[in-house]
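A look at the structure
One-letter residues, chain by chain:
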Amino acid sequence: MAAVENAQDRFRRFVRTVLAHRQGSRGAGHDPGHAREVYQSSTMGALIDGVYDGDVSVAELLRHGDFGLGTFNHLDGEMLVLDGVCYHLRAGGRVEVAEDGELSPFAALTWFGADTTEDVAAPMTRAEVTALVDRTTRSPNLIYAIRITGLFGEVRTRTVRRQEPPYPPLTQAAEGQAETTFTGLRGTLAGYRTPEYEQGISVAGYHLHFLDDGHTRGGHCLDFRLDQGTIALGERSELHLSLPTTEQFLSSDLNPSGLSDRIRQAEGG
C-alpha cells in the first residue's frame, strides 16, 4: 500500500471525485438508443499481443457509458468506471480519479441499468455467485453488465504493473502482477459476463474489477466471497467495437494459436 494520505492529498482527491461525478452526471442524458450497447475500444487479442498503447482518452470513453472496466496505456494498472467516475487502480496500491486526458488501450463501457437484481443474505463463494448469475440470465449468448455491492468476506485481486517498450505479451506481464487479498470490507465488484464466442474480442466468461467503498483499494478480481449484498444485472444485446489505428495495432498478430488459453492465463481464470 502507498503511504497514508495527508490532509491536502485527501482534499485534492475529494475535489477531483466531486468534479468527476458532475461530469458523469452530465452524461446521464445519453441517447436512449444506446441503452443496450456495450462500447468497447480495441480487443482482448490485441492486449494479449502486447498492444498497450491506445488512442482513446478517458474523456472519450465517458461519452459512451458510466460503467465499465479496462486498463491504461503502458498497462499501467486497472480501470474501473462506476457512476460516471473513472478510477485508476495502480499496482502500488493507490486509487485515483483518472485524468480526462489519460489514454487506454482497452476498455468496455455501458450505461448501467439493472434489469434484474438478486439479494444475497448468506455467504456465497465466487463459484456460487456466478452459478446464480448463470441461472438468472436469459441466455449465454448475450452480454451482461454485472454490479455486485455489499460486504465481502474476502476479495483476492491483482493489479498489473506499468510496462515499458518493447512490451512483453500480457501473459508475461501478468507474471509480475501485484496480488492482494482484502478481508471484511464493503465495496463493489463490476464488470461483464461475455459469451464464449466473443473470446479474443473480449474476455469470455466473467471479467470483474473491485473497488472498496472508500475508493482506496481495489484491482482485477481473481476470487471473492460475498457475505451479503445485492447482485444487479443489465442485459446488453449490442456491441460497438472501436478499433485503434496505431501502428502497433495495425502490425500485431491478433489471431495467434492458443489465444483462448493465453487469455485465461493472463486473466487468472
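What comes next is a walk through the structure. These figures come from a predicted structure and were not determined experimentally.

**Brief notes about the overall build of the protein chain**
Counting its regular elements, the protein chain contains 7 helices and 15 strands. Looking at the protein chain as a whole, 53% of its 269 residues are labelled buried. Contacts in the protein chain between residues far apart in sequence, at least 24 positions, make up 79% of those at least 6 positions apart. Total accessible area computed for the protein chain in this model is approximately 12000 Å², and 49% of it derives from carbon and sulfur atoms.

**A short note on a nonpolar patch on the surface**
On the surface, a cluster of nonpolar side chains totalling about 290 Å² of accessible area is made up of Ile 201, Leu 239, Leu 241 and Leu 243. Relative to the helices and strands, Ile 201 is located in the loop between β12 (178-194) and β13 (205-212).

**Some remarks on helix α7 (residues 259-267)**
All of the buried residues in α7 are Leu 259, Ile 263, Ala 266 and Glu 267. One face of α7 carries all of its buried residues, which in axial projection span an arc of 90 degrees. Set apart from the buried face of α7 by more than 90 degrees, the exposed residues are Asp 261 and Gln 265. Against α2 (44-48), β11 (143-159), α5 (170-173), β13 and β14 (218-236) lie the buried residues of α7. Two residues or fewer past α7, Gly 268 is found with a positive phi of approximately 80 degrees.

**Looking at the sheet that holds strand β8 (residues 106-110)**
In space, the 7 strands of this open sheet follow the order β6-β5-β4-β3-β8-β1-β15, with mixed pairing throughout. Strands at the two margins of the open sheet, each flanked by one partner only, are β6 (95-97) and β15 (238-242). Strand after strand, the sheet turns through a mean of 15 degrees between neighbouring axes, direction not considered. Pairing between strand β3 (residues 67-71) and β8: 5 bridges, direction antiparallel. Within β8, the residue paired with Gly 70 across the bridge is Ala 107.

**Some points on unusual backbone geometry**
Generally, phi is negative for residues other than glycine and the peptide bonds are trans, each holding for most cases. Backbone torsion omega between Pro 165 and Pro 166 reads -5 degrees, so that peptide bond is classified as cis. Relative to the elements of secondary structure, Pro 166 occurs in the loop between β11 and α5. Of note in the backbone geometry, Leu 75 takes a positive phi value of approximately 55 degrees without being a glycine. For Leu 75, a relative accessible area of 2% translates into the label buried. The residue Asp 83 is not glycine, and still its phi comes out positive at about 55 degrees. As for its position among the elements, Asp 83 is in the loop between β4 (78-82) and β5 (85-89). Here Asp 83 falls in the partly exposed class, since its relative accessible area comes to 43%.

**A closer look at the pattern of salt bridges**
Evaluation of the coordinates by the stated rule reveals 16 salt bridges. Here Arg 147 makes a salt bridge to Asp 83, at a shortest N to O gap of 3.1 Å. You can see Arg 147 sitting in strand β11 and its partner Asp 83 sitting in the loop between β4 and β5, a full 64 residues away along the chain. The exposure class of Arg 147 is buried, given its relative accessible area of 18%. Its salt-bridge partner being Asp 134, residue Arg 193 comes within 2.8 Å of it at the nearest N-O pair. A residue pair is termed long-range when its members are at least 10 positions apart, and Arg 193 in strand β12 and Asp 134 in helix α4 (residues 126-136) qualify at 59 residues. Under the relative-accessibility criterion, Arg 193 is labelled buried at 7%.

The rules behind these values
- Residues numbered from 1 in each chain as written.
- Predicted model: local features only at pLDDT ≥ 70, side-chain atom pairs only at ≥ 80, totals over all residues.
- Heavy atoms only, no water.
- Helix = DSSP H or I, 4+ residues; strand = E, 2+ residues; numbered from the N terminus.
- Buried < 20%, exposed > 50% of the residue type's maximum accessible area, 1.4 Å probe, protein only.
- Contact = heavy atoms within 4.5 Å.
- Areas by Shrake-Rupley, 256 points an atom, 1.4 Å probe, with all protein chains shown as cover.
- Patch = residues over 30% accessible without salt bridge, like charges linked within 9 Å, V, L, I, M, F, W, Y side chains within 5 Å.
- Salt bridge = Lys/Arg side-chain N within 4 Å of Asp/Glu carboxyl O.
- Arc of directions from axis to C-beta.
- Pairing = 2+ DSSP bridges.
- Axes fitted to C-alpha atoms, helices over the stretch in contact; angles between N-to-C directions.

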